[in-house]
Amino acid sequence: MTKLINNEKFARNIQQIRLSCELSQEETIRRLRKLGSPLSRSTYSLIELGRGNVYVSDLVGLQKVFQVDFSAFFEGISISR
């Protein structure tokens, strides 16, 4: 499985998107699990804190749960490292 290495801005984007959808972390995970993701709430929390990596397949699930364009996850992320 392919993972995306998380960064602070990516993490904040995911959290802001979730909050704009008025979803708790628990509800987000419940919806992801309905799609087949085994992601736990504690792992998801680490992703939002910028301390965890996300599987590409889980990012696809989050896109479906949040109903946003993939570009929303990467907004404001610069090309430079």
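On a predicted model such as this, the values are computed, not experimentally measured, just so you know.

Thresholds applied
- Residues numbered from 1 in each chain as written.
- Predicted model: local features only at pLDDT ≥ 70, side-chain atom pairs only at ≥ 80, totals over all residues.
- Heavy atoms only, no water.
- pLDDT = per-residue confidence, 0-100.
- Helix = DSSP H or I, 4+ residues; strand = E, 2+ residues; numbered from the N terminus.
- Core = buried A, V, L, I, M, F, W, Y, C linked by side-chain atoms within 4.5 Å.
- Buried < 20%, exposed > 50% of the residue type's maximum accessible area, 1.4 Å probe, protein only.
- Contact = heavy atoms within 4.5 Å.

### Describing the confidence of the model for the protein
Predicted coordinates in areas of low pLDDT are best not read in detail. In the predicted model, the protein carries a mean pLDDT of 93, and the fraction of residues at 70 or more is 95%. Considering each helix and strand of the protein separately, the mean pLDDT is smallest for strand β1 (residues 3-4), with a value of 71, and largest for helix α2 (residues 25-34), with 98.

### Here's the deal with the nonpolar core
Of all hydrophobic cores here, the largest spans 15 residues; its most connected members are I14, Y44, L62, F66 and F73. For this core, the secondary-structure elements that each account for two or more residues are α1 (8-20), α2, α3 (41-48) and α4 (56-66). Looking at this core element by element, the count peaks at 4 residues for α4.

### A word on the environment of L46
Inspection of the secondary structure assignment puts L46 in helix α3. Residue classification places L46 among the partly exposed positions, given a relative accessible area of 36%. Once the C-alpha coordinates of L46 and S71 are considered, the two residues, 25 residues apart in sequence, prove to be 21 Å apart. Contact partners of L46, with chain neighbours within four places excluded, come to R51 and G52.

### A short note on the environment of V60
Mapped onto the elements, V60 comes out in helix α4. Placed 49 residues apart in sequence, V60 and A11 show a C-alpha to C-alpha distance of 15 Å.

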